[in-house]
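Residue-level listing of the chains:
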Amino acid sequence: MLMRTDPFRELDRLTQQVFGPATNRPTAMAMDAYRSGDDFFVHFDLPGIDPETIELDVERNVLNVRAERRSPAPEGAEPLVAERPTGTFTRQLFLGDTLDTERIDASYEAGVLTLRIPVAEQAKPRRIQITGGDAPRQISG
């Protein structure tokens, strides 16, 4: 399963509310996550991101997502309004041992990065055969 606590995300959110978004440090990206059957799905909002700038890596059950949005204005142009954030966006997810990090699938469509993370085989429920007595029976476990 995914670890739900991310104290750094809350600190980042509070800092942005107080001081506004910083242009020289990575910004966190919005995310939804849920389980459906034997898979976990994670959706990251990354509108306007060139898919070539998206980087995903997993190290010791920590998934790192990094993407970059560049300004569409040519260099030297005078900005009149610049409300859309640019720069580097990052997010870390702490994955539980029950997820199969070797089989993560990723796709990017309509500004949303979607990850499918399967539950590891050893974490799935299974039936255990019991012998003895009159007839063999199965117990869920």
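Residues numbered from 1 in each chain as written. Predicted model: local features only at pLDDT ≥ 70, side-chain atom pairs only at ≥ 80, totals over all residues. Heavy atoms only, no water.

S.K.: Can you help me understand the overall build of the protein in this one?
M.R.: In terms of regular secondary structure, the protein is built from one helix and 10 strands. Reading the secondary structure of the protein in the N-to-C direction produces α-β-β-β-β-β-β-β-β-β-β. Scored against the burial criterion, the 141 residues of the protein give a buried share of 26%. Taking all contacts inside the protein whose residues are at least 6 apart in sequence as the whole, residues at least 24 apart take part in 50%. Of the roughly 10,400 Å² that the protein leaves accessible, carbon and sulfur atoms contribute 51%. (Helix = DSSP H or I, 4+ residues; strand = E, 2+ residues; numbered from the N terminus. Buried < 20%, exposed > 50% of the residue type's maximum accessible area, 1.4 Å probe, protein only. Contact = heavy atoms within 4.5 Å. Areas by Shrake-Rupley, 256 points an atom, 1.4 Å probe, with all protein chains shown as cover.)

S.K.: What is the right way to read the nonpolar core from this model?
M.R.: Phe44, Leu46 and Leu113 are the most contacted members of the largest nonpolar core, which totals 18 residues. Looking at this core, the elements with two or more residues in it are strand 3 (39-45), strand 5 (62-69), strand 6 (87-94) and strand 8 (112-118). With residues up to four places along the chain from it excluded, the contact list for Leu113 reads Val42, His43, Phe44, Leu46, Ile54, Leu56, Val65, Ala106, Ser107 and Tyr108. (Core = buried A, V, L, I, M, F, W, Y, C linked by side-chain atoms within 4.5 Å.)

S.K.: Please explain the packing of aromatic side chains as it appears in this structure.
M.R.: Remark: the centre distance and the inter-plane angle together describe each pair of aromatic rings, the angle taken between the planes. All chains considered together, the criterion is met by one aromatic pair. Taken together, a centroid distance of 5.5 Å and an interplanar angle of 20° make the contact between Tyr34 and Phe41 stacked. (Phe/Tyr/Trp six-rings, centres within 6.5 Å; stacked < 30°, edge-to-face > 60°.)

S.K.: Looking at this model, I keep getting lost on unusual backbone geometry. Mind explaining?
M.R.: Leaving glycine out, the prevailing phi sign among residues is negative, and the prevailing peptide bond configuration is trans. Although it is not a glycine, Asn61 sits at a positive phi angle of roughly 65°. Tracing the sequence through the fold places Asn61 in the loop between strand 4 (55-59) and strand 5. A positive phi angle is found at Ala110, which is not glycine, with a value near 55°. Residue placement: Ala110 occurs in the loop between strand 7 (105-109) and strand 8.

S.K.: What am I meant to see in the pattern of salt bridges here?
M.R.: Close approach of charged atoms allows side chains of opposite charge to pair. Summed over the entire model, instances satisfying the criterion amount to five salt bridges. Note that Arg35 is salt-bridged to Asp38, the shortest N-O span being 3.8 Å. We classify Arg35 as partly exposed; its relative accessible area is 46%. A salt bridge links Asp100 to Arg103, with the nearest nitrogen and oxygen atoms 2.7 Å apart. Since its relative accessible area comes to 19%, Asp100 is described here as buried. Among the charged side chains, a network of salt bridges with common partners joins Asp39, Asp105 and Arg116. (Salt bridge = Lys/Arg side-chain N within 4 Å of Asp/Glu carboxyl O.)

S.K.: Would you take a moment to explain the sheet that holds strand 3 for this structure?
M.R.: Two modes of strand pairing occur in sheets, parallel and antiparallel, and in both the strands are linked by backbone hydrogen bonds. Spatially, four strands are ordered 2-3-8-7 in an open sheet, and the strand pairing comes out antiparallel. Looking at the sheet topology across the chains shown, the edges are occupied by strand 2 (31-36) and strand 7. The average angle at which neighbouring strand axes cross in this sheet is 15°, direction not considered. Examined bridge by bridge, strand 7 and strand 8 share five bridges and lie antiparallel to one another. In the sheet register, Tyr108 faces strand 8, and the bridge partner there is Leu113. (Pairing = 2+ DSSP bridges. Axes fitted to C-alpha atoms, helices over the stretch in contact; angles between N-to-C directions.)

Just distances and angles here, no functional claims.
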